[in-house]
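# An overview of the molecular structure
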Amino acid sequence: TESSFPHFRREQGKKDPGLAVIIVGERKDSQTYVRLKHKAAEECGYKSFQIALPADISQEDLVEKVEECNNNPDIHGLIVQLPLPKHINEAAVLNRVAYAKDVDGLGPDNICSLYTRGKEPMAYPCTPLGIITMLERSGVEIEGARAA
């Protein structure tokens, strides 16, 4: 059961998975989304790290926070909540998320893997994957279809 997952992992001598979400600024929609991610992670027995940063943070300081998460052994997955404030280059920040911790699949290695035949990305971007899953479960034939 879901509630026994953390207990089972500890019995096996394994650490609970850790998910960190970095949110910059105070957008209500982003705060709601991050709150739901935190709740879902806790329900699954994950450690959840919420890192709230001010909207006026410099890009350099944000990248430094990403690097801290990359180097933290208690964090196994990292999400940088988008959008970021206009003064921050989103691509530059996402490019610094470690490949193995790129939960959203938005880093360059994961994106490249999506377009390389025979190579599986570490993670798939969740919105497109959710749409494809929904279409497949609904019996919609995707192969050969054309979007209008």
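That block above? That's the structure.
Notes on the structure in this doc start here. (Residues numbered from 1 in each chain as written. Predicted model: local features only at pLDDT ≥ 70, side-chain atom pairs only at ≥ 80, totals over all residues. Heavy atoms only, no water.)

### Things to note about a nonpolar patch on the surface
- Among the surface-exposed residues, Ile131, Ile132, Met134, Leu135, Val140 and Ile142 lie close enough to one another that they form a single nonpolar patch of about 470 Å² accessible area.
- Here valine 140 lies in the segment after helix 6 (126–137). (Patch = residues over 30% accessible without salt bridge, like charges linked within 9 Å, V, L, I, M, F, W, Y side chains within 5 Å. Areas by Shrake-Rupley, 256 points an atom, 1.4 Å probe, with all protein chains shown as cover. Salt bridge = Lys/Arg side-chain N within 4 Å of Asp/Glu carboxyl O. Helix = DSSP H or I, 4+ residues; strand = E, 2+ residues; numbered from the N terminus.)

### Regarding unusual backbone geometry
- Note the cis peptide between leucine 82 and proline 83, where omega equals 0°.
- One can find proline 83 in the loop between strand 3 (77–80) and helix 4 (90–94).

### What about the environment of glutamate 68?
- Looking at the secondary structure, you find glutamate 68 in helix 3 (residues 59–70).
- The spacing of glutamate 68 and leucine 94 is 26 residues in sequence and 14 Å in space, taken between C-alpha atoms.

### Concerning the sheet that holds strand 1 (residues 18–24)
- Read across the open sheet, the three strands follow the order 2-1-3; overall the sheet is parallel. Because the sheet does not close on itself, it has two edges, and the strands there are strand 2 (47–53) and strand 3. Each strand of the sheet is rotated relative to its neighbour by a mean of 15°, with strand direction disregarded.
- Across four bridges, the pairing between strand 1 and strand 3 is parallel. Bridge pairing links isoleucine 22 to valine 80 in strand 3. (Pairing = 2+ DSSP bridges. Axes fitted to C-alpha atoms, helices over the stretch in contact; angles between N-to-C directions.)

So, to be careful, I would describe these as geometric facts and stop short of saying anything about function.
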